[in-house]
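Close look at the chain arrangement
Listed below are the residues making up each chain.
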Amino acid sequence: MKLLFLNRSFWPDLEATGQFLTELCEDLSSEHEVTFIAGPSYHVNGNGRGGLLRRESRGRVSIIRTWGTRLPKRLLAARLLNLGTYFGLATVAAFAAGRPDVVIGETDPPLLGALGAALKRRFRCRFVYNVRDLFPDIAEATGAMRSRPMLWLLEVANRFAFQHADLVLVLGEDMRERILAKGVPAERIRVVPDWVDCRQVSPVATSPFRAQFGDRFVVMYSGNLGLSQQLDSVIEAAEELRDDARILFVLVGEGARKQWLMDRVRERGLTNVRFFPYQPKEKLAESLSAADLHLIPLAQGAAGLIVPSKIYGILGAGRPFVAMLDESSDVARIARQHGVGFVVPPGNVRALAAVV
């Protein structure tokens, strides 16, 4: 079959979604003809240069790479421009790429579902909507977007995508319940969780990354430092525990709120918080294993709108976690059912500090 994937993030990007999709497409390309329309990486310099559209390959996967702006994500207008340049060029590339058998639309940016539905109508092919973030719900729940016209546009676009999707893939049961509530028939929804390749991510006893922290108890957040994560609560917990020299908070990643978080740490004079950039994929086992306890925080009411994929890498590295999530979330269920982590209410700083 000819498969056409739509998502901004893909190899060599370091964001989790791009890495998952790279692994998936590499596997699928052994039996199918896979084309991926990707945008420029926010984390790899030079990626995305060379014209508005250019051809690349990753093994057997054909990549159409769009040009795009890479403005600071902490500004909403800049983020919208980044996503808008990719979306516009991806639309041109998708209609010019020829008829696929199946279009797989992701949610980065959130209008890709509507593009997938439009491609289905144009080429009379199948359309699979792979929902990783539920819009506009998550933008509204986190306060990331307050513009009523923009929220209305996202609602209309996603309603159009759900209406025309042959299959809707979601990351967990909590997300499935959210989409059922939107009127999508149950027979068209499938739960497909994320994964970890335990040949690549397994416990690492010693590494240079861990050695730099000495014998301190390392509490780590690894991933997107964005608007959906309740990372201000993590900084407040670090402030509450600032007098305990045994404990160190380590935040690994990039995102729209990284500078804001760094400013808060500096203003409060916290010496027990350190920031690191995304670690290379080949070093992921070392960085995840460096923690004694991982953090999986989400904003209140975000359960089912996002399903944190980081849990699988954490478990692959053999580390426990504390989930700052609603009790109904899939991550909270995994923590309780398998005894691999703790659950505290979102935003409860004292409960988080007590677990640490």
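Residues numbered from 1 in each chain as written. Predicted model: local features only at pLDDT ≥ 70, side-chain atom pairs only at ≥ 80, totals over all residues. Heavy atoms only, no water.

**Focus on the overall build of the chain**
The secondary structure content of the chain amounts to 13 helices and 14 strands. Here the C-alpha atoms of the chain give a radius of gyration of 20 Å, agreeing with the 21 Å that 2.2 N^0.38 yields for 356 residues. Along the first, second and third principal axes, the C-alpha set of the chain runs to 60 × 40 × 40 Å. Counting only contacts in the chain whose residues sit at least 6 apart along the sequence, the fraction spanning at least 24 positions is 70%. Approximately 15700 Å² of the chain is accessible, and the part contributed by carbon and sulfur atoms is 53%. For the chain, the separation between the mean place of its 45 positive charges and that of its 38 negative charges on side chains is 5 Å. (Helix = DSSP H or I, 4+ residues; strand = E, 2+ residues; numbered from the N terminus. Rg over C-alpha atoms; globule rule 2.2 N^0.38 Å. Contact = heavy atoms within 4.5 Å. Areas by Shrake-Rupley, 256 points an atom, 1.4 Å probe, with all protein chains shown as cover. Lys, Arg positive; Asp, Glu negative; His and termini not counted. Charge placed at Lys NZ, Arg CZ, Asp CG, Glu CD.)

**Some thoughts on a nonpolar patch on the surface**
A surface patch of nonpolar side chains, amounting to about 370 Å² of accessible area, comprises Leu52, Leu53, Trp67 and Val92. Position of Leu52 among the secondary structure elements: in the loop between strand 2 (33-38) and strand 3 (53-58). (Patch = residues over 30% accessible without salt bridge, like charges linked within 9 Å, V, L, I, M, F, W, Y side chains within 5 Å. Salt bridge = Lys/Arg side-chain N within 4 Å of Asp/Glu carboxyl O.)

**Topic: the environment of Trp195**
Along the chain, Trp195 turns up in the loop between strand 8 (189-191) and helix 7 (208-211). Relative accessible area serves as the criterion here: at 30%, Trp195 is assigned to the partly exposed category. Polar side-chain contacts of Trp195 include one of 2.7 Å to the side chain of Glu23. (Buried < 20%, exposed > 50% of the residue type's maximum accessible area, 1.4 Å probe, protein only. Polar contact = N/O pair within 3.5 Å; in protein donor to acceptor, adjacent residues only side chain to side chain.)

**Describing the pattern of salt bridges**
Counted by the stated rule, this structure contains 27 salt bridges. Residue Arg246 is joined to Asp244 by a salt bridge in which the shortest nitrogen-to-oxygen separation is 2.6 Å. Relative accessible area serves as the criterion here: at 59%, Arg246 is assigned to the exposed category. Measuring nitrogen to oxygen at the nearest pair gives 2.7 Å for the salt bridge that ties Arg264 to Glu267. A residue pair is termed a helical-turn pair when its members lie 3 or 4 positions apart in one helix, as Arg264 and Glu267 do in helix 9 (residues 258-267) at three residues. On the accessibility criterion, Arg264 (16% relative accessible area) is buried. Within the structure, one salt-bridge network assembled from shared partners comprises Arg8, Asp13, Glu15 and Asp108.

**Side note on the nonpolar core**
With 50 residues, the main nonpolar core has Leu6, Ile37, Val168 and Ile179 as its most contacted residues. With five residues, helix 3 (residues 112-123) is the single largest residue contributor to this core. Not counting residues up to four positions away in its chain, the partners in contact with Ile37 are Leu4, Phe5, Leu6, Asn7, Ile64, Thr66, Tyr86, Ala90, Ala93 and Ala94. One finds Val219, Ala237, Leu270 and Met324 within the second-largest nonpolar core, a separate group that totals 27 residues. (Core = buried A, V, L, I, M, F, W, Y, C linked by side-chain atoms within 4.5 Å.)

**What to know about the sheet that holds strand 6 (residues 126-130)**
Reading across the sheet, the eight strands line up as 3-4-2-1-5-6-7-8 and stay open at both edges, with mixed pairing between neighbours. Here the strands that pair on one side only, and so sit at the sheet edges, are strand 3 and strand 8. The average undirected angle you get between the axes of adjacent strands in this sheet is 20 degrees. The sheet strands contacting helix 2 (residues 76-96) are strand 1 (2-6), strand 2, strand 3 and strand 4 (61-66), and the helix crosses strand 2 at an angle near 150 degrees. (Pairing = 2+ DSSP bridges. Axes fitted to C-alpha atoms, helices over the stretch in contact; angles between N-to-C directions.)

**Details of the sheet that holds strand 13 (residues 321-324)**
Spatially, six strands are ordered 11-10-9-12-13-14 in an open sheet, and the strand pairing comes out parallel. Two strands bound the open sheet, and with one partner strand each, they are strand 11 (273-276) and strand 14 (341-344). The mean angle between the axes of side-by-side strands here comes to 25 degrees, regardless of whether they run parallel or antiparallel. Pairing geometry for strand 12 (residues 293-297) and strand 13, over four bridges, is parallel. What sits directly across from Leu295, in strand 13, is Val322.

**Looking at the pairing of strand 4**
Across the six residues that make up strand 4, a large majority, five, are buried. Strand direction decides the pairing type here: strand 3 and strand 4, joined by six bridges, are antiparallel. Residue Arg54 lies in a different strand from strand 4, and its bridge partner there is Arg65. A loop of two residues connects strand 3 with strand 4, the two strands running antiparallel in sequence, and Gly59 in this loop sits at a positive phi of about 65 degrees.

**Considering the pairing of strand 13**
On strand 13, burial covers both faces: Phe321 and Ala323 on one face and Val322 and Met324 on the other are all buried. The pairing of strand 13 with strand 14 spans four bridges and is classified as parallel. Paired with Ala323 across the strands is Val343, a residue of strand 14. Traced from strand 13 through helix 12 (residues 330-338) to strand 14, the parallel crossover comes out right-handed. (Right-handed = clockwise from strand over helix to strand, strands pointing away.)

**With respect to the packing of helix 2 against helix 3**
Between helix 2 and helix 3, whose axes approach to 11 Å, the crossing angle comes to 15 degrees. The angle between helix 2 and helix 3 falls in the class roughly parallel. Considering the relative orientation of helix 2 and helix 3, their crossing is right-handed. In contact with Tyr86, Phe87, Ala90, Thr91, Ala94 and Phe95 of helix 2, helix 3 contributes Leu112, Leu115, Ala118, Leu119, Arg122 and Phe123. Taken together, the residues of the contact of helix 2 with helix 3 sort by class into 10 nonpolar, one polar and one charged. (Parallel < 35°, antiparallel > 145°, perpendicular 65-115°, else oblique. Left-handed = near helix turned anticlockwise from the far one by under 90°. Nonpolar A, V, L, I, M, F, W, Y, C, P; charged D, E, K, R; others polar.)

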